[in-house]
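Reading the structure
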Amino acid sequence: SRLEVPRQPPPDCRCRLCCTSTASGRRLSLIVRRMPTLLLTLFISCIRASVLPKSAQPTAAGSTYRALVAGSVGEQFRDVAKIAEVALKELAEDEVLVKVVYAGVNGGCETFRARGEFACASNRESDSGFALGAEGVGVVAAIGSAVEGFAEGDAVCFVGSGFAEYTTAKARTLWRVPEPTAEMAALRISGLTACAMMEVTGQVKAGETVLVTAAAGGAGHFAVQFAKLAGCTVVGTCSSEEKARALCALGCDHIINYKTRDVGEALARLAPGGVDVVFEGVGGRMLQTALAHLKEDGRLLQVGYISEYPHNPDRAAETAAHDLETSSLFWKAETIQRGKQTIYGNAWPKDFAAVAGCKQRVLDLHASGRLAALVDEKRTFAGLESVADAIEYMLSGEAVGKVVVRIGDP
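About the cut-offs
- Residues numbered from 1 in each chain as written.
- Predicted model: local features only at pLDDT ≥ 70, side-chain atom pairs only at ≥ 80, totals over all residues.
- Heavy atoms only, no water.
- Helix = DSSP H or I, 4+ residues; strand = E, 2+ residues; numbered from the N terminus.
- Buried < 20%, exposed > 50% of the residue type's maximum accessible area, 1.4 Å probe, protein only.
- Contact = heavy atoms within 4.5 Å.
- Areas by Shrake-Rupley, 256 points an atom, 1.4 Å probe, with all protein chains shown as cover.
- pLDDT = per-residue confidence, 0-100.
- Pairing = 2+ DSSP bridges.
- Axes fitted to C-alpha atoms, helices over the stretch in contact; angles between N-to-C directions.
- Expected span 1.5 Å × (residues − 1).
- Bend = angle between axes of the 7 residues up to and from the residue.
- Parallel < 35°, antiparallel > 145°, perpendicular 65-115°, else oblique.
- Left-handed = near helix turned anticlockwise from the far one by under 90°.

**Considering the overall build of the protein chain**
The number of helices and strands found in the protein chain is 11 helices and 18 strands. Within the protein chain, the proportion of its 410 residues that are buried is 59%. Considering only contacts within the protein chain whose residues lie at least 6 apart along the sequence, 71% involve residues at least 24 apart. Carbon and sulfur atoms provide 48% of the accessible area of the protein chain, an area that totals close to 16,300 Å².

See the structure below:
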């Protein structure tokens, strides 16, 4: 089913700060479906090319498949990504071959993978190159000899090298989904990350005020919904009226368009006593503003620091805007105490066992229609040739929701 975003704010809309009617009034669609799952491998998956058992090669694939691979590291994704014919190899007994239908786009992840930095530093030493892509959804094409619970034709979500016609994954990491849709790709990492960070690490609860920066982004729009499900008052920042309308439809209580309003002044008016929790993925000046308006005993959940990533020509000024080491905070998953405040770097739960419940919660919420997956509809990307464009588009900040690439047909 589709939840239509209104051209005008609904009568009971509380986001009067920035959510106003516009002449253009472009229609968005929030496509609500069921859901997939997890693995923090968000920025940490540095996988190799897909493999397939000779005895189970799909006749349509032949002996090779096309994939985006990098022969060496470089300055940015576009510089290193090349389409190559990859030989089909033999599956391990616990592996599954997946025919990729949609791949999710994580711009920061692919940037650092291509550059061989932080968790992907080993890519600098690779003699054989490395695979690209972090997540996706597709259908099972073949299974290893010891795999149970999956059969050819099943729709599954995976974490791994998604920018390829085929990929392999350990069977235990796959989650069966109703259909291999773009929404499933959005839920696989972004939805689960928001749930785990908000509910397990942040432990948001009814009555609290939560600030979500980049609230109309891939992870941000899920964070808004989890905060609302917990009974919180939610303030979201965004960069356009189009995004404001999308957030309004998701139930965001107050929306601040930072292109037209001063975020600090708006927060001082909306939450004069400060906010209890911040879900923060921007870094730079936005991070400093969030810290300035965090309650004395508040919690800040870092999900990224995109304004300080290498693609931004103003990253030095953004980094200088605060006194935190955002890259170290994130990649070392540091927890910092600032008086009574707690700053969670890369706020994924330290106890992965706690995430298991998040997976089922996300699945159930999506199946019941209480959790929407918003996939960007402004641009359409199809084929391996379009992946670099999709990554640059995601990093531009123009997208509304999750950016995905159509790789193939089911």
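**Points about the confidence of the model for the protein chain**
Summary statistics for the protein chain give a mean pLDDT of 87 and a share of 85% for residues scoring 70 or more. Across residues 1-60, confidence stays below pLDDT 50; counting only partners more than four residues off in sequence or on other chains, it has 201 contacts.

**A look at the environment of Gly 207**
Of note, Gly 207 is situated in the loop between helix H3 (182-201) and strand S11 (209-212). The exposure class of Gly 207 is exposed, given its relative accessible area of 64%.

**Looking at the sheet that holds strand S13 (residues 254-257)**
By definition, the strands of a sheet pair up through backbone hydrogen bonds, in either a parallel or an antiparallel sense. Taken together, the 7 strands give an open sheet; going across it, the order is S13-S12-S11-S14-S15-S17-S16, and neighbouring strands pair in mixed fashion. Of all the strands in the sheet, the pair left with one neighbour each is S13 and strand S16 (335-338). With strand direction ignored, the average angle separating the axes of adjacent strands in the sheet is 15 degrees. Relative to S13, strand S12 (residues 233-238) runs parallel, the two being bridged by 4 bridges.

**Describing H3**
Here H3 spans 28 Å end to end across 20 residues, near enough to the 28 Å set by a 1.5 Å rise per residue. At Arg 188, H3 shows its strongest bend, of approximately 45 degrees. By the criterion of burial, H3 is predominantly enclosed, with 18 of the 20 residues buried. Trailing H3 by a residue or two, Gln 203 shows a phi angle of about 50 degrees, which is positive.

**Remarks on the sheet that holds strand S3 (residues 64-70)**
The sheet built from 3 strands is open, its strands ordered S4-S3-S6 with antiparallel pairing. The two strands at the open ends of the sheet, each matched to only one other strand, are strand S4 (81-87) and strand S6 (130-131). As defined by bridge partners, S3 adjoins S6 across 2 bridges and the pair is classed as antiparallel. Along S6, the bridge assignment pairs Ala 70 with Phe 130.

**Here's the deal with helix H11 (residues 387-396)**
Among the residues of H11, those classed as buried are Val 387, Ala 388, Ala 390, Ile 391, Tyr 393 and Leu 395. The secondary structure elements touched by the buried residues of H11 are S3, helix H1 (77-80), helix H2 (107-115) and strand S18 (404-406). In the stretch just after H11, Gly 397 is the one whose phi turns positive, near 85 degrees.

**What to know about the packing of H2 against H11**
Angle between the axes and distance between the axes: these two values describe a pair of packed helices. Remark: H2 packs on H11, axes separated minimally by 9 Å, with the N-to-C direction vectors making an angle of 120 degrees. It follows that H2 is oblique to H11 by the angle criterion. Read as a crossing pair, H2 and H11 show a hand that is left-handed. Packed against H2, whose contacting residues are Gly 107, Gly 108, Glu 110 and Thr 111, the element H11 presents Ile 391, Met 394 and Leu 395 at the interface.

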